[in-house]
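As a plain string of letters, each chain reads:
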Amino acid sequence: MPVAKTYMRCDILGDPFTRNGRKYVTIETPTGVTKNVRWYTQAEWDRMYPDLAGKNEIKYRDILGFGDAGYITIYFGDTYKNLNWFKAAPECRYHKTWGWYTPSAETVSSILPEGVKTAILTWDAVRNEADQVDFDKAANAVDALIYEPSNSQFVGEIGDRTLFELTIKKTIELDGMYGPSTMHVMEDPDGNVFIWTTSTKTLEKGTTYLLRGTVSDHKTYKNVNQTILKRCKVVKELC
């Protein structure tokens, strides 16, 4: 599903989104102007350009810069600190899922700012069956490239309610639309990571508890497998 021919050489700054029943995408023109433009279906594009109907071979992977090579080069590390460098580099683009990157057809600079590293992100690692970007899959693929692997494993089945021996490693204060809450980052004796967010009780960092809770989800964050708990109750303070 391409954009109009006028914008085909513009940088795509994000993924398509729906507004009033139609798809749009944010692009940046060669002069630096950012705007939202229509993201057409194949049928719409063929009607607009009947002379090219059936000949349009432009694919989402090409627009994003993966191309025939099937990869892009992403940057990580102190990218925000070096924001001006990225903005000035003609080979660099920005995507909300993987940040600053260089298309496979462009040459990555041999001299990078201090604290900035690169990694190769393949199209197969981020695509879905419709040959577009799967946001969750892409985020996990990026995390796997830039963060060290963890030994943490998912625990239990979703819906299980059982006892867990967990040590509070970190508490994070949150302020959401429903008021303040606390996220507890916890580990069991095997080093598996658990997350519990509550607005009613804050447990003591460094303390080990016997908790009864329900497994609500399994998620991977920064390459760490996390078991998400809900409706936790302190059965006993162990140490």
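Residues numbered from 1 in each chain as written. Predicted model: local features only at pLDDT ≥ 70, side-chain atom pairs only at ≥ 80, totals over all residues. Heavy atoms only, no water.

Q: Just checking my understanding: could you explain the pattern of salt bridges for this structure?
A: Should the charged atoms of two oppositely charged side chains come close, the side chains can pair. Tallied over the entire structure, the rule returns 1 salt bridge. A salt bridge links Arg-127 to Asp-131, with the shortest nitrogen-to-oxygen separation between them at 2.7 Å. Residue Arg-127 is classed as partly exposed on the basis of its relative accessible area of 26%. A relative accessible area of 23% places Asp-131 in the partly exposed class. (Salt bridge = Lys/Arg side-chain N within 4 Å of Asp/Glu carboxyl O. Buried < 20%, exposed > 50% of the residue type's maximum accessible area, 1.4 Å probe, protein only.)

Q: Teacher, can you tell me more about the nonpolar core here?
A: Across soluble globular proteins, you tend to see nonpolar side chains buried next to one another. Leu-64, Ile-74, Trp-98 and Leu-121 are the most contacted members of the largest nonpolar core, which totals 24 residues. Secondary-structure elements contributing two or more residues to this core are strand E3 (22-28), helix H2 (60-64), strand E5 (71-77), strand E8 (116-122) and helix H4 (135-146). Apart from residues no more than four positions distant in its own chain, Ile-74 is found in contact with Trp-98, Trp-100, Tyr-101, Lys-117, Thr-118, Ala-119, Leu-121, Val-142 and Leu-145. Core analysis: the next-biggest nonpolar cluster, separate from the first, contains 13 residues, Ile-168, Met-186, Leu-211 and Leu-229 among them. (Core = buried A, V, L, I, M, F, W, Y, C linked by side-chain atoms within 4.5 Å. Helix = DSSP H or I, 4+ residues; strand = E, 2+ residues; numbered from the N terminus. Contact = heavy atoms within 4.5 Å.)

Q: Just to check I follow, could you spell out the layout of surface pockets for this structure?
A: A probe matching the size of a water molecule, rolled over the atoms, marks out where space remains unfilled. Each pocket or cavity is described by its volume, and for the second largest pocket that value is around 290 Å³. Among the secondary structure elements, those contributing two or more residues to the lining of the second largest pocket are strand E9 (161-176), strand E10 (179-187), strand E11 (193-198), strand E12 (208-221) and strand E13 (224-237). It is E13 that contributes the most residues to the lining of the second largest pocket, 3 residues altogether. Taken together, the residues of the lining of the second largest pocket sort by class into 8 nonpolar, 1 polar and 2 charged. (1 Å grid on protein atoms, 1.4 Å probe; cavity = no way out; pocket = protein on both sides within 12 Å on 5 of 7 lines; lining within 4 Å. Points joined across faces, edges and corners; volume = space filled by probe spheres on them. Nonpolar A, V, L, I, M, F, W, Y, C, P; charged D, E, K, R; others polar.)

Q: Even after reading the chapter, I still don't get the confidence of the model for the chain, so can you show me in this structure?
A: Note: predicted coordinates in regions of low pLDDT should not be interpreted at a detailed level. Overall, the predicted model of the chain reaches an average pLDDT of 88, with 94% of residues at or above 70. Looking at the elements of the chain, mean pLDDT is at its lowest for strand E1 (residues 11-12), recorded as 72, and at its highest for E8, recorded as 97. (pLDDT = per-residue confidence, 0-100.)

Q: Which parts of the structure should I look at to understand the sheet that holds strand E6 (residues 93-95)?
A: Hydrogen bonds between backbone atoms are what pair the strands of a sheet, whose relative direction is either parallel or antiparallel. Spatial strand order, E6-E7-E5-E8: 4 strands in an open sheet with antiparallel pairing. Edge strands, defined here as strands with exactly one partner in the open sheet, are E6 and E8. Adjacent strand axes in the sheet meet at a mean angle of 40°, parallel and antiparallel pairs treated alike. For E5 and strand E7 (residues 99-103), the ladder comprises 3 bridges, and the chain directions are antiparallel. What sits directly across from Ile-74, in E7, is Tyr-101. Each of E5 and E8 is contacted by H4, which is oriented at about 135° to E8, the strand it contacts most. (Pairing = 2+ DSSP bridges. Axes fitted to C-alpha atoms, helices over the stretch in contact; angles between N-to-C directions.)

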